[in-house]
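Fold and contact review
The primary structure of each chain is shown beneath.
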Amino acid sequence: MLELTDFSCGYGAFQAVHGLDLKLREGTITGLLGANGAGKSSTLMCLAGHVAQQGGKTLFQGRDITGMSPGDRVRLGLAISPEGRRLFKDLTVEDNLRVGGLVQPASHFTQDRDYVLGLFPRLGERLETLAGNLSGGEQQMLAIGRALMARPRLLMIDELSLGLMPKVIDLCYAALETLRNDGMTILLVEQNTTRALQVADDICVLESGRPVWQGKASDAMNDPSLTAAYLGLH
Ligand code: ATP
């Protein structure tokens with residue numbers, strides 16, 4: 001459903017990612033893994049239209065989206081929960097969800113909000129709270145919820161578990177599984193390799209902006225050279 005061919009992206013003359021071929025299968029979770037600075041966030045932000053694509057081709061549901069604006073990408077069905085969450089901190093939880101749903105007809109709001117609250121019941125208790133006053137875990141749930149309000153076909157999540165308590169991480173991962181069961185395609189950037197490998201169907205490992213391993217997560221776990229060299233697992 002998303003297909004990158006010889007994809008590169010970066011900042012001015014600097015190439016953060018190069019030579020990436022990646023195919024996401026509909027209704028699956030793909031983990032994009034690698035050390036700090038490997039190019040994971042740059043890839044996601046480029047797919048969301050916020051970082052320049054410098055080469056290659058990006059097809060989303062068969063359509064070339066290279067050069068398309070961030071807004072048009074959201075309308076087509078790509079939504080991102082970005083690194084640092086970037087919530088509207090002075091707006092309430094409900095209004096953050098409302099902003100996420102602005103690309104949809106207003107008549108969808110209640111149904112879509114209730115879907116998000118079903119995934120993250122905690123947000124239902126905090127609807128009138130300002131996003132800036134939420135805990136880290138609640139903010140992560142809201143960032144994902146806001147992205148879901150756009151009714152995406154592809155949900156991209158950057159650093160799902162960073163800084164969160166284990167219980168909240170469990171909750172977020174359970175939500176990912178529910179979303180996958182509902183047919184969502186997910187591209188997940190994670191530092192927490194162990195968790196990502198548990199949930200992902202496919203993985204792609206980047207090192208210094210280049211793909212060094214791609215395949216099924218189950219095969220990745222059984223490849224000692226990969227787990228030791230690139231994933232910090234022994
Ligand atoms: P992290 O987990 O630290 O975010 P990452 O794998 O997501 O790592 P990126 O943030 O994509 O990696 O960074 C890839 C490269 O791009 C790094 O060399 C980084 O310094 C550079 N980079 C990231 N953002 C910018 C920017 N706004 N301007 C210039 N270079 C940047």
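Along each chain, residues carry numbers from 1 onward, in the same order as the chain's sequence is written. Whole-chain, interface and lining totals are the exception, using all residues; otherwise, since this is a predicted model, local features are given only for residues with pLDDT of at least 70 and side-chain atom pairs are given and counted only at 80 or more. Hydrogens and water molecules were not included; the side-chain quantities draw on all heavy atoms of the structure.

By the naming in an unreviewed UniProt entry, the protein chain goes by ABC transporter ATP-binding protein and is assigned to Mesopusillimonas faecipullorum. We quote the UniProt Sequence similarities (unreviewed entry) comment for the protein chain here in full: "Belongs to the ABC transporter superfamily." UniProt positions are given in the numbering used here, feature names are shortened, and annotations may be inferred rather than shown by experiment.

Let's shift gears to the site of the ligand. Here, proximity means that at least one heavy atom of the residue falls within 4 Å of the molecule or strand. In the vicinity of the ligand, 14 residues are found, and the nearest of them are Gly37, Gly39, Lys40, Ser41 and Ser42. Polar contact criterion, stated in full: a pair of N or O atoms within 3.5 Å, where within protein one must be able to donate a hydrogen and the other to accept it, and residues adjacent in sequence count only if both atoms are side-chain atoms. The separation between an oxygen atom of the ligand and a polar main-chain atom of Gly37 is 2.7 Å. Within the contact set of the ligand, an oxygen atom lies 2.9 Å away from a backbone nitrogen or oxygen of Gly39. Values of accessible area rely on a 1.4 Å probe in the Shrake-Rupley scheme; residue burial ignores everything except the protein chains shown. Burial of the ligand by the protein amounts to 60% of the accessible area it has alone, namely 630 Å². Here a helix means four or more residues in a row that DSSP labels H or I, a strand means two or more in a row labelled E, and each is numbered from the N terminus. When residues of the shell around the ligand are traced back to their parent elements, those giving at least two are strand 2 (14-24) and helix 1 (40-47). The element best represented in the shell around the ligand is helix 1, accounting for three residues. Here the nonpolar group is Ala, Val, Leu, Ile, Met, Phe, Trp, Tyr, Cys and Pro; Asp, Glu, Lys and Arg are the charged ones; every other residue, Gly included, is treated as polar. Taken together, the residues of the shell around the ligand break down into five nonpolar, six polar and three charged.

If DSSP finds at least two bridges between two strands, the strands pair. Spatially, the six strands line up as an open sheet ordered 6-7-8-3-9-10, and their pairing is mixed. Looking along the sheet, the strands with just one partner apiece sit at the ends: strand 6 (78-81) and strand 10 (210-216). When strand polarity is set aside, the average angle formed by the axes of neighbouring strands in this sheet is 15°. One ladder, built from six bridges, connects strand 9 (residues 202-207) with strand 10; its direction is antiparallel. Across the sheet, the residue bridging to Glu207 is Arg210, located in strand 10. Should any heavy atoms of two residues lie within 4.5 Å, those residues are counted as being in contact. Here an angle of 0 to 180 degrees is reported between the N-to-C directions of two axes, which are lines fitted to C-alpha atoms, with helices fitted over the stretch in contact. Across the sheet, helix 6 (residues 136-148) touches strand 6 and strand 7 (154-158), and the angle it forms with strand 6 is around 170°.

Moving on: the packing of aromatic side chains. Side-chain rings of Phe, Tyr and Trp, where Trp is taken by its six-membered ring, are said to pair if the distance between their centres is within 6.5 Å; with planes under 30 degrees apart they count as stacked, over 60 as edge-to-face, and otherwise as tilted. Across all of its chains, the model carries zero aromatic pairs by this definition. Its end group placed over the ring of Tyr173, Arg195 keeps NZ or CZ at 4.7 Å from the ring centre. Definition used: whenever NZ (Lys) or CZ (Arg) falls within 6 Å of the ring centre and also within 35 degrees of the ring normal, the charge is taken to sit over that ring.

Running from N to C, helix 6 and helix 7 (residues 166-181) cross one another at 15°; their axes reach a closest spacing of 10 Å. Regarding the angle of helix 6 to helix 7, the classification is roughly parallel. The crossing of helix 6 and helix 7 is right-handed. Of helix 7, the residues touching helix 6 (which contributes Gly137, Gln140, Met141 and Leu148) are Val168, Leu171, Cys172 and Leu179. In the contact of helix 6 with helix 7, the residues fall into six nonpolar, two polar and no charged. With respect to orientation, any angle under 35 degrees is reported as roughly parallel, any angle over 145 as roughly antiparallel, any angle of 65 to 115 as roughly perpendicular, and every other angle as oblique. In this scheme the handedness of a crossing depends on how the near helix is turned from the far one: anticlockwise by less than a right angle means left-handed, clockwise means right-handed.

This part covers the side chain of Asp158. Summarising the element assignment, Asp158 is placed in strand 7. Buried and without a salt bridge, Asp158 has Lys40 as its closest oppositely charged side chain, separated by 7.0 Å. There is a polar contact of 2.8 Å between the side chain of Asp158 and the side chain of Ser41. Setting aside residues no more than four positions away along its own chain, Asp158 makes contact with Ser41, Leu44, Ser81, Pro82, Glu83, Gln140 and Val189. Buried residues are those whose accessible area, probed at 1.4 Å on protein chains only, stays under 20% of the maximum for their type, while exposed residues exceed 50% and partly exposed ones sit between those limits. In this charge count, Lys and Arg are treated as positive and Asp and Glu as negative; neither His nor the chain ends contribute. Salt bridges, as used here, are contacts in which a Lys or Arg side-chain nitrogen is within 4 Å of a carboxyl oxygen on Asp or Glu.

Here we take up the confidence of the model for the protein chain. Known as pLDDT, the predictor's confidence for each residue is given on a scale from 0 to 100. Averaged over every residue, the pLDDT of the protein chain is 93; the share at 70 or more is 97%. Predicted as a complex, the structure gets a pTM of 0.94 and an ipTM equal to 0.92.

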